[in-house]
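Letter by letter, the chains look like this.
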Amino acid sequence: MTPVTEAPSAVKLTERINRIEPSSTMAVVAEADKLRQQRIDVVDFGAGEPHFATPQHIKDAAIAAIQANFTKYTAVGGTPELRDAIAQRHAADFDSDYRREETIASVGGKHALFNAIQVLVDHGDEVILPAPYWVSFKDIVRYAGGNCVLLNTDEAQGFRVTAEMIERLVTPRTKLIILNSPSNPSGAVMSPEDMAEVVKLAAQRGIWVISDECYVYLSFTGKRFSVGSLREYRDRMVIVGSLSKTYAMTGWRLGFALAPAPVVSAMQKLQSQSTSNPTSIVQKAAVAALKGPQQCVEDMRREYVRLRDHVVSGLRSIPGVKCTMPEGAFYAYPNVSAFFGRGGVQSASDLAGKLLREGHVATVPGEGFGTRDHIRVSYATSVAELDRGLERMRKFLEAL
Ligand SMILES: Cc1ncc(COP(=O)(O)O)c(C=O)c1O
């Protein structure tokens, strides 16, 4: 037997893996789980996933796929049936015009995003990223060797992102702009006009846009909008979508991208050397989701509006908490800076940590999303659970 010569702590890992950090949202889930294992009752406002069950007709399609032995490898980027269903759903809902060769199915929206960034961003390239941003954008860009140039938005302006703000950050090294509307974590929704201006600016400057539209069906503005409708700019655009939030399918892992064929082809090449196809059974479920009745999507969206109103009014009623009105997704992003300096709390991380350990409510501190004054509250849960958590937060914050 070969003797073990090195302690695990001396393991030399690659420079590129040391460039990134584990997702801060996952860290909260892990810490809350630890408390639960000690039989502590934790109210969970940390998780970024719908509380709804996957609709029955989608589950039935997966069961039927197993029974029919649809359990072999498929084409790497998804079956033709699924890729067509993705393109058709998008065309019907957003007036886009993508062909099969311009679609790829991946193992979740995160995977589609990861692949897109790996094929577009090179060492030293700059990527403009509006803050607050979803945690993974920054690390995925870093893993590709790119540098994020953060665009700090103003809470008083509803975290608005405009083309003028972006233009100030453009340099000859700018390769990509990442948009995410509705936004995780702020729930902010960009107006179609602002999105169109950004996409136009990017096209004029030869810069790519990745539009992460994983929450596009959870918009409360009365208008849902995809940059896919701006067909004249499609040459520089990658749209990332996901079934995770739209159909309450986070665990199934099915996302997609819509992009020019050469980009899709490069993403497929990368996928062919990593995961290969998304799970065959899940692909059948995804076809059922995309082609089946869409009422479930609207029902869930309406419920999120009700929960949003409930949680925001609850948060605003706690003295010291300020909260913008989110217009989409299922997160509130209250400003808790009024509590810094009280009870040993100096930062959002301190506050979220203490709130979890002492108040037994899990939230995610804003630092991971690029802002210092906020915590993210996921309201994808029942009204009763929201009330329990809000009451605990009120008591905890009043006693600080
Ligand atoms: C903004 C954003 N994009 C992409 C994803 C990825 O979702 P999934 O990989 O489950 O499709 C998430 C998940 O939280 C998200 O918040």
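The structure reproduced in this document is the subject of the present report. (Residues numbered from 1 in each chain as written. Predicted model: local features only at pLDDT ≥ 70, side-chain atom pairs only at ≥ 80, totals over all residues. Heavy atoms only, no water.)

## A closer look at unusual backbone geometry
Right, so step 1: In the segment running from Ala 131 into Pro 132, the intervening peptide bond is cis, with an omega of 5°.
Right, so step 2: With respect to the helices and strands, Pro 132 occurs in the loop between strand 3 (126-131) and helix 5 (135-143).
Right, so step 3: Cis geometry is found at the peptide bond from Ser 181 to Pro 182, where omega equals -10°.
Right, so step 4: You will see that Phe 159, though not glycine, has its phi angle at about 60°, which is positive.
Right, so step 5: Mapped onto the elements, Phe 159 comes out in the loop between strand 4 (147-152) and helix 6 (163-167).
Right, so step 6: Phi at Ala 248 is positive, roughly 55°, even though this residue is not glycine.
Right, so step 7: Considering the arrangement of structural elements, one finds Ala 248 in the loop between helix 8 (243-246) and strand 8 (255-258). (Helix = DSSP H or I, 4+ residues; strand = E, 2+ residues; numbered from the N terminus.)

## Describing empty space enclosed by the protein
Right, so step 1: Per the counting criterion, the structure on display carries one cavity of 30 Å³ or more.
Right, so step 2: Estimates place the volume of the largest cavity at around 130 Å³.
Right, so step 3: Lining of the largest cavity is provided by 16 residues; of these, His 90, Val 216, Tyr 217, Gly 241 and Phe 256 occupy positions nearest its centre.
Right, so step 4: Mapped onto the lining of the largest cavity, the elements with two or more residues apiece are helix 3 (80-94), strand 7 (237-242) and helix 8.
Right, so step 5: For the lining of the largest cavity, the per-class residue count stands at ten nonpolar, four polar and two charged. (1 Å grid on protein atoms, 1.4 Å probe; cavity = no way out; pocket = protein on both sides within 12 Å on 5 of 7 lines; lining within 4 Å. Points joined across faces, edges and corners; volume = space filled by probe spheres on them. Nonpolar A, V, L, I, M, F, W, Y, C, P; charged D, E, K, R; others polar.)

## With respect to the packing of aromatic side chains
Here the distance between the centres and the angle between the planes together describe a pair of aromatic rings.
Right, so step 1: For the structure shown, the criterion picks out ten aromatic pairs.
Right, so step 2: Taken together, a centroid distance of 5.8 Å and an interplanar angle of 40° make the contact between Phe 114 and Tyr 143 tilted. In this pair, Phe 114 is assigned in helix 4 (residues 109-120) and Tyr 143 in helix 5, connecting sequence segments 29 residues apart.
Right, so step 3: Classification of Phe 114 as partly exposed rests on a relative accessible area of 27%.
Right, so step 4: When its relative accessible area of 23% is taken as the criterion, Tyr 143 is described as partly exposed.
Right, so step 5: Here the aromatic rings of Trp 134 and Phe 137 are separated by 5.3 Å at their centres, their planes lie at 85°, and the arrangement is edge-to-face. (Phe/Tyr/Trp six-rings, centres within 6.5 Å; stacked < 30°, edge-to-face > 60°. Buried < 20%, exposed > 50% of the residue type's maximum accessible area, 1.4 Å probe, protein only.)

## Some details on the layout of surface pockets
Right, so step 1: Approximately 570 Å³ is the volume attributed to the largest pocket.
Right, so step 2: The set of elements that each furnish at least two residues to the lining of the largest pocket consists of helix 1 (24-37), helix 4, helix 5, strand 7 and helix 8.
Right, so step 3: A class-by-class count of the residues in the lining of the largest pocket yields eleven nonpolar, twelve polar and six charged.

## Details of the sheet that holds strand 5 (residues 174-180)
Right, so step 1: The seven strands lie next to each other as 2-8-7-6-5-3-4, forming an open sheet whose pairing is mixed. The strands lining the two open edges of the sheet, one partner per strand, are strand 2 (103-106) and strand 4. Adjacent strand axes in the sheet meet at a mean angle of 20° when their direction is disregarded.
Right, so step 2: Examined bridge by bridge, strand 6 (residues 208-212) and strand 7 share four bridges and lie parallel to one another. Considered in strand 7, the bridge of Asp 212 is made with Val 240.
Right, so step 3: Lying over the sheet, helix 3 contacts strand 2, strand 7 and strand 8, oriented at roughly 115° with respect to strand 2. (Pairing = 2+ DSSP bridges. Axes fitted to C-alpha atoms, helices over the stretch in contact; angles between N-to-C directions. Contact = heavy atoms within 4.5 Å.)

## Some details on the environment of Asn 147
Right, so step 1: Assignment of secondary structure puts Asn 147 in strand 4.
Right, so step 2: For Asn 147, a relative accessible area of 41% corresponds to the partly exposed category.
Right, so step 3: For the pair Asn 147 and Asp 122, spaced 25 residues apart in the sequence, the C-alpha separation amounts to 9.5 Å.
Right, so step 4: In contact with Asn 147, not counting residues within four places along its chain, are Gly 124, Asp 125, Glu 126, Val 127 and Val 141.

## Some remarks on the environment of Gly 328
Right, so step 1: Relative to the assigned elements, Gly 328 resides in the loop between helix 11 (295-316) and strand 9 (331-332).
Right, so step 2: Taking the C-alpha atoms as reference points, Gly 328 and Thr 221, 107 residues apart in sequence, are found 7.5 Å from one another.
Right, so step 3: Once residues lying within four places of it in the same chain are set aside, the contact partners of Gly 328 are Pro 182, Gly 187, Val 189, Leu 218, Ser 219, Phe 220 and Tyr 379.

## A look at the site of the ligand
Right, so step 1: Surveying the vicinity of the ligand reveals 13 residues, the closest of which are Gly 109, Asp 212, Ser 242, Ser 244 and Lys 245.
Right, so step 2: Residue Lys 110 places a main-chain N or O atom 2.9 Å away from an oxygen atom belonging to the ligand.
Right, so step 3: A total of 390 Å² of accessible area belongs to the ligand in isolation, and the protein chains cover 93% of it.
Right, so step 4: Among the cavities detected, the one that contains the ligand is the largest pocket.
Right, so step 5: Mapped onto the shell around the ligand, the elements with two or more residues apiece are helix 4 and helix 8.
Right, so step 6: Taken together, the residues of the shell around the ligand break down into three nonpolar, six polar and four charged. (Near = heavy atom within 4 Å. Polar contact = N/O pair within 3.5 Å; in protein donor to acceptor, adjacent residues only side chain to side chain. Areas by Shrake-Rupley, 256 points an atom, 1.4 Å probe, with all protein chains shown as cover. Sits in = over half its atoms within 2 Å of the grid points.)

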